[in-house]
Amino acid sequence: WLTEHRQIPDKDQSTYTVSGHDYLDLHWLFQVMVYGVFQLTGYPGISLFFCLLSLGLSLLLLLRNQYFGVSPPVSGILLLTGFLVIDPRLAPRPEMFSFLFMVAVWFILDIYLQKGKNYLFLLPLILLIWCNIHSLFILGLVIIFAFLISKLLHERKPDLRFMVWAGLSLGVCLINPYGIKGFLFPLELLTRFDPQNIYNQHIKEFMPFFSQPLF
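First things first, this report covers the structure right here in the doc. For clarity, every value in this text was computed on a predicted model and none was experimentally measured.

## Some words on the overall build of the protein
Helix and strand counts for the protein come out as nine helices and zero strands. Reading the helices (α) and strands (β) of the protein from amino to carboxyl end gives α-α-α-α-α-α-α-α-α. In terms of its C-alpha atoms, the protein occupies a principal-axis envelope of roughly 55 × 40 × 40 Å. Per-residue burial for the protein yields a buried fraction of 35% across its 215 residues. For the protein, the proportion of contacts with a sequence separation of at least 24, taken over those separated by at least 6, is 59%. Positive and negative side-chain charges in the protein, numbering 14 and 13 respectively, have mean positions lying 11 Å apart.

Pasting the structure below:
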């Protein structure tokens, strides 16, 4: 529908009981991307695409550990443990990109704070793409501002360069099809962690980790 109509929906077209209600599709870029892969290669191509994304996530984590002197055996154990935990989420879903972007943001900030190398200009670019792929882009902002506050408390003086790139990263998140509504949408998702909420009762990603049926 996105590619045929060349527009982003703002009304629910898929749920019969609430047809016509306001609808925010912050995953639109992910959906177009996956549909493009499907058009070129079919379902096998989608499987291969997400296999490569998983391998890319492993590689990025390994490179980050290696950069900071973590031994390969320790990295191997940590990666295996981590991937066993998130295995149910390694699927053709937009959070694959959130995993990748989170690690990338962490890596960039670690390099800046611990090694003094400045790749902060990449942060707004990552957030611009992220906020149009998955609603968990808010975690990227949480990470950035947690690092910023930590640096401020540690050094007792503001880092103006860091503050500028953090502010730009915040600002670009408004560049989505829904503007401020899209930016605030992750706050609406927080309500779905309420045990009385129907999403919490029936959708796995809103259930507490230890309450998962296959834990």
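## Some thoughts on unusual backbone geometry
Backbone geometry places arginine 6, a non-glycine residue, at a positive phi of 55 degrees. Phi is positive for arginine 156, which is not a glycine, with a value near 60 degrees. With respect to the helices and strands, the residue arginine 156 is situated in the loop between helix H6 (137-155) and helix H7 (160-172).

## Structural notes on H7
The end-to-end C-alpha distance of H7 is 18 Å, a good match for the 18 Å that 13 residues give at a rise of 1.5 Å each. Looking only at H7, the buried set comprises Phe162, Ala166, Ser169 and Val172. Down the axis of H7, the buried side of the element spans an arc of 130 degrees, and every buried residue falls inside it. In the core, the buried residues of H7 are packed alongside helix H4 (95-115), helix H5 (122-130) and H6. The distance from a side-chain oxygen at the start of H7 to the backbone nitrogen of arginine 161 is 3.2 Å, and the residue carrying that oxygen is aspartate 159.

## Overview of the packing of H5 against H7
Packed helices, taken two at a time, are described by their axes: the angle between them and the distance between them. Relative orientation of the contacting elements H5 and H7 amounts to 15 degrees, with a least axis distance of 8 Å. By the angle between their directions, the pair H5 and H7 is classed as roughly parallel. The way H5 lies across H7 gives a crossing that is right-handed. Contacts between H5 and H7 pair Leu123, Pro124, Leu127 and Leu128 from the former with Trp165, Leu168, Ser169 and Val172 from the latter. Of the residues that constitute the contact of H5 with H7, the class distribution is seven nonpolar, one polar and no charged.

## So, the nonpolar core
Taken as a class, soluble globular proteins show a tendency for nonpolar side chains to be buried jointly. Ranked by internal contacts, the top residues of the largest apolar core, which has 44 residues, are Val105, Leu109, Leu127 and Phe137. Of all the secondary-structure elements, those providing two or more residues to this core are helix H2 (28-67), helix H3 (72-86), H4, H5, H6, H7 and helix H8 (180-190). Considering every element that reaches this core, the biggest residue donor is H4, with 12 residues. Once you skip the residues sitting within four places of it in the chain, valine 105 turns out to touch Leu123, Ile126, Leu127, Trp130, Gly140, Ile143 and Ile144.

## Quick look at the packing of aromatic side chains
Under the defined criterion, the tally for this structure stands at 13 aromatic pairs. Summarising the aromatic geometry, the rings of phenylalanine 49 and phenylalanine 97 are spaced 6.4 Å apart at their centres and angled 45 degrees between planes, so their arrangement reads as tilted. Remark: phenylalanine 97 occurs in helix H4 and phenylalanine 49 occurs in helix H2; sequence separation between them is 48 residues. Overall, the relative accessible area of 21% leaves phenylalanine 49 in the partly exposed class. Judged by relative accessible area, phenylalanine 97 falls into the buried class, the value being 8%. Centroid distance phenylalanine 68 to phenylalanine 107: 6.5 Å. Interplanar angle 55 degrees. Geometry classified as tilted. With a gap of 39 residues between them, phenylalanine 68 in the loop between H2 and H3 and phenylalanine 107 in helix H4 connect regions that are remote in the sequence. Assessed through its relative accessible area of 26%, phenylalanine 68 is described here as partly exposed.

Parameters at a glance
Residues numbered from 1 in each chain as written. Predicted model: local features only at pLDDT ≥ 70, side-chain atom pairs only at ≥ 80, totals over all residues. Heavy atoms only, no water. Helix = DSSP H or I, 4+ residues; strand = E, 2+ residues; numbered from the N terminus. Buried < 20%, exposed > 50% of the residue type's maximum accessible area, 1.4 Å probe, protein only. Contact = heavy atoms within 4.5 Å. Lys, Arg positive; Asp, Glu negative; His and termini not counted. Charge placed at Lys NZ, Arg CZ, Asp CG, Glu CD. Expected span 1.5 Å × (residues − 1). Arc of directions from axis to C-beta. Polar contact = N/O pair within 3.5 Å; in protein donor to acceptor, adjacent residues only side chain to side chain. Axes fitted to C-alpha atoms, helices over the stretch in contact; angles between N-to-C directions. Parallel < 35°, antiparallel > 145°, perpendicular 65-115°, else oblique. Left-handed = near helix turned anticlockwise from the far one by under 90°. Nonpolar A, V, L, I, M, F, W, Y, C, P; charged D, E, K, R; others polar. Core = buried A, V, L, I, M, F, W, Y, C linked by side-chain atoms within 4.5 Å. Phe/Tyr/Trp six-rings, centres within 6.5 Å; stacked < 30°, edge-to-face > 60°.

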